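Chain residues, written in single-letter form:
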Amino acid sequence: MEMGLLEMCFSASVIILVVVICRALFINKLPKKVFLVLWAVALSRLLIPYSLPSVSSIYSLAGKSQFIMDKAEGIINGTEEKQENEKNAGNIIIKERNEKKGLSVLGAVWLAGFIISVLVFITAYILLYRRFCTSLPVNNRFAEEWLKSHKTIRRLSIRQSGFIKSPLSYGIFHPVILMPETTDWEDSKKLMYILEHEFIHIKRFDAVTKLLLIAAASIYWFNPLVWVMYILANRDIEISCDETVVRHFGEKSKKAYALVLISMEEEKSGFSPLGNSFSRNAAEERITAIMQIKKNSKAAYIKAFLLIAVIIPVFATSAKSTGRPKKVFTAREEGTDSPGIKENTLQEDISSVTYSNVLGEIAAGIAAKGDYYALYSLAPFVKQEDLNKIAEQIAAKGDYSAITGLASFISREVINGIAKDMADKGEYDALESIAPFMQ
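About the cut-offs
- Residues numbered from 1 in each chain as written.
- Predicted model: local features only at pLDDT ≥ 70, side-chain atom pairs only at ≥ 80, totals over all residues.
- Heavy atoms only, no water.
- Helix = DSSP H or I, 4+ residues; strand = E, 2+ residues; numbered from the N terminus.
- Buried < 20%, exposed > 50% of the residue type's maximum accessible area, 1.4 Å probe, protein only.
- Areas by Shrake-Rupley, 256 points an atom, 1.4 Å probe, with all protein chains shown as cover.
- Core = buried A, V, L, I, M, F, W, Y, C linked by side-chain atoms within 4.5 Å.
- Contact = heavy atoms within 4.5 Å.
- Expected span 1.5 Å × (residues − 1).
- Phe/Tyr/Trp six-rings, centres within 6.5 Å; stacked < 30°, edge-to-face > 60°.
- Lys NZ or Arg CZ within 6 Å of the ring centre and 35° of its normal.
- Pairing = 2+ DSSP bridges.
- pLDDT = per-residue confidence, 0-100.
- Axes fitted to C-alpha atoms, helices over the stretch in contact; angles between N-to-C directions.
- Parallel < 35°, antiparallel > 145°, perpendicular 65-115°, else oblique.
- Left-handed = near helix turned anticlockwise from the far one by under 90°.
- Nonpolar A, V, L, I, M, F, W, Y, C, P; charged D, E, K, R; others polar.
- Patch = residues over 30% accessible without salt bridge, like charges linked within 9 Å, V, L, I, M, F, W, Y side chains within 5 Å.
- Salt bridge = Lys/Arg side-chain N within 4 Å of Asp/Glu carboxyl O.

Before going further, it helps to spend a moment on the overall build of the chain. A tally of regular secondary structure across the chain gives 18 helices and 9 strands. Out of the 439 residues belonging to the chain, those deemed buried represent 47%. As presented, the chain carries roughly 22,200 Å² of accessible surface, and 62% of it is formed by carbon and sulfur atoms.

What follows concerns the nonpolar core. A general feature of soluble globular proteins is that nonpolar side chains tend to end up buried together. Residues L38, W39 and M229 are the most contacted members of the largest nonpolar core, which totals 37 residues. When residues of this core are traced back to their parent elements, those giving at least two are α1 (5-26), α2 (33-47), α9 (206-219), α10 (224-249) and α13 (298-315). In contact with M229, other than residues within four places in its own chain, are I16, W39, A42, L43, L46, L213, A216 and N234. Judged by nonpolar contacts, the second largest core, of 34 residues, contains V358, A363, I394 and M422.

Given 3.6 residues per turn, any residue in an α-helix points the same way as the ones three and four places further on. An ideal rise of 1.5 Å per residue puts 21 Å on 15 residues; α2 measures up with 21 Å between its terminal C-alpha atoms. Within α2 the residues assigned to the buried category are V34, F35, L38, W39, V41, A42, L43, R45 and L46.

It is worth spelling out the packing of aromatic side chains at this point. Using the criterion set out here, one finds 12 aromatic pairs in the structure. Between F121 and W227 the ring centres are 6.3 Å apart and the planes differ by 15°, which places this aromatic pair in the stacked class. Placement of F121 in helix α6 (residues 89-132) and of W227 in helix α10 is noted, with a sequence separation of 106 residues between them. Since its relative accessible area comes to 9%, F121 is described here as buried. Owing to a relative accessible area of 27%, W227 belongs among the partly exposed residues under this scheme. Consider the rings of W221 and F222, whose centres lie 5.9 Å apart with planes at 85°: the pair is edge-to-face. Three or more aromatic residues joined by ring pairs make a cluster, and in this case those are Y125, Y129, F132 and Y170. We note R154 situated over the ring of F205; from NZ or CZ to the ring centre the distance is 3.9 Å.

For a regular strand, side chains alternate in direction, first toward one face of the sheet and then toward the other. Here strand β2 (residues 136-137) pairs with strand β3 (residues 157-161) via 2 bridges, running antiparallel. When the bridges of β3 are listed, P137 appears paired with R159. Here β3 pairs with strand β5 (residues 176-180) via 5 bridges, running parallel. Bridged to S161 within β5 is P180.

With that settled, the discussion passes to unusual backbone geometry. If you check the backbone angles, F205 has positive phi at about 55° while not being a glycine. The exposure class assigned to F205 is partly exposed, which follows from its relative accessible area of 39%.

Mean pLDDT over the chain stands at 78; residues scoring 70 or higher make up 77%. Per-element confidence in the chain ranges from a low mean pLDDT of 39 for strand β8 (residues 326-332) to a high of 94 for α9. With pLDDT under 50 throughout, residues 322-351 is counted as low confidence; its partners more than four residues away or in other chains account for 72 contacts.

Moving on to the pairing of β5. With 5 of its 5 residues buried, β5 lies for the most part within the structure. Bridging between strand β4 (residues 168-170) and β5 involves 3 bridges; their strand directions are antiparallel. When the bridges of β5 are listed, S169 appears paired with I177. Between the end of β4 and the start of β5, which pair antiparallel, lie 5 residues, with G171 showing a positive phi angle near 95°.

Let's shift gears to the packing of α2 against α10. Contact pair α2 / α10: the axes reach a minimum separation of 9 Å and the direction vectors enclose 150°. Compared by their axis directions, α2 and α10 come out roughly antiparallel. Both α2 and α10 take part in a crossing whose hand is left-handed. Of α10, the residues touching α2 (which contributes K33, F35, L36, W39, A42, L43 and L46) are V226, M229, L232, A233, D236, I237, S240 and E243. A breakdown of the residues in the contact of α2 with α10 according to their chemical character gives 11 nonpolar, 1 polar and 3 charged.

Taken N-terminus to C-terminus, the directions of α9 and α10 make an angle of 170°; their axes are 9 Å apart at the nearest point. Comparing the axis directions of α9 and α10 gives the class roughly antiparallel. Here D206, T209, K210, L213, I214, A216 and A217 of α9 lie close against α10, whose contacting residues are V226, W227, M229, Y230, A233, N234, I237, E238 and C241. Class assignment for the residues of the contact of α9 with α10 results in 11 nonpolar, 2 polar and 3 charged.

Within the fold, F199 resides in helix α8 (residues 188-203). F199 sits 46 residues away from V245 along the chain, and the two C-alpha atoms are 9.8 Å apart. In contact with F199, not counting residues within four places along its chain, are W146, H150, K151, L156 and I177.

With that out of the way, let us pick up a nonpolar patch on the surface. Residues L111, I115 and L119 make up a contiguous nonpolar surface patch of roughly 260 Å² in combined accessible area. Within the element layout of this structure, L119 appears in helix α6. By relative accessible area, which is 49% here, L119 ends up partly exposed.

Within this structure, the stated rule accounts for 11 salt bridges. We note a salt bridge from E243 to K32, for which the minimum N-O separation is 3.9 Å. In this pair, E243 sits in helix α10 while K32 sits in the loop between α1 and α2, placing the two residues 211 residues apart along the sequence. Here E243 and K32 have matching classes, each one buried.

Written as structure tokens, this is what we have:
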């Protein structure tokens, strides 16, 4: 099911809240990779404009709630009084145009924020990359032996730079482990921990993950929960790497590895948006996580599986069709109070048009009641495919003047079809009002 930007933002925000709560409760009780999977779910909801419908979705459950549907019906009915005071078609069109201007202003604000966010990240990376380019290759026996024992399809290299104070890795196609110029190459035990940590980042393509997190933060810069996700997901990437290193060298290495982390934290580097630093994130939380690493039991893996199995179908899917009877329109030409708006009655018909979600059904219900002003207010948040169906049914009733308020939200194909019908029936005034929206 296709989703709009606001729908994606809302859906992802719910997932982020759930993950933050789960993280607070289970960060030191479950394998750390679990949280990387959950952040990936939230990230996919922010960046992929499609969602699978599911009967187990929280939105399906909400759609089936009689309380919620009664509230929705109340919203529909509550607009009738407002309609009585605004039945002049010309006033409705003017108000709709003003609302469109408001949406345009919001769009401009979003675009400005997006551009600023992107420029901040790009500028930071360019400045750091220029420094990285001044680094020199490491030529010593230890580095050469380590590279031979850590083969990868991509060309991996170890370099040194005087511009950094703690190790980091960067690059996707040609990854580089960048070491400080002051590195003691005789301290092999410490170097093994550091290089293994950075190698795990490279194997997992964490640079790509960080790039996707930056994309999400830039697109949804206005949502503080997305920035919470950006910070915590980066931190969990580091914590997961720490866990993998400890498991690689054995639980007895926890204390020595934690001491290495502390020494690196004292000399950590600055902001590096696309790089993976050995000691960038909150040291206290990482050290606590390291010292609490234990051999994962079967129960821990089962709990991790159940957590993922619950969160994905419940929070990462969209509402499935509710199966409620849909509305079709019938009209009475007599008794209208003003031109262009006719009194309507509802007729239940189970075989009528279906809509992609509950919001489409509510919009159809509003249109069926003839409350076109309320429909125009709701239109920016309804899927175009649903508005196309509603517009065609309004046109079939002959309420051509009401199409003007929807013209900017429906497809050109539907507009052209309705215009042809207007021309055939001699509705030239209404045709003139939608002419600017035709191809």
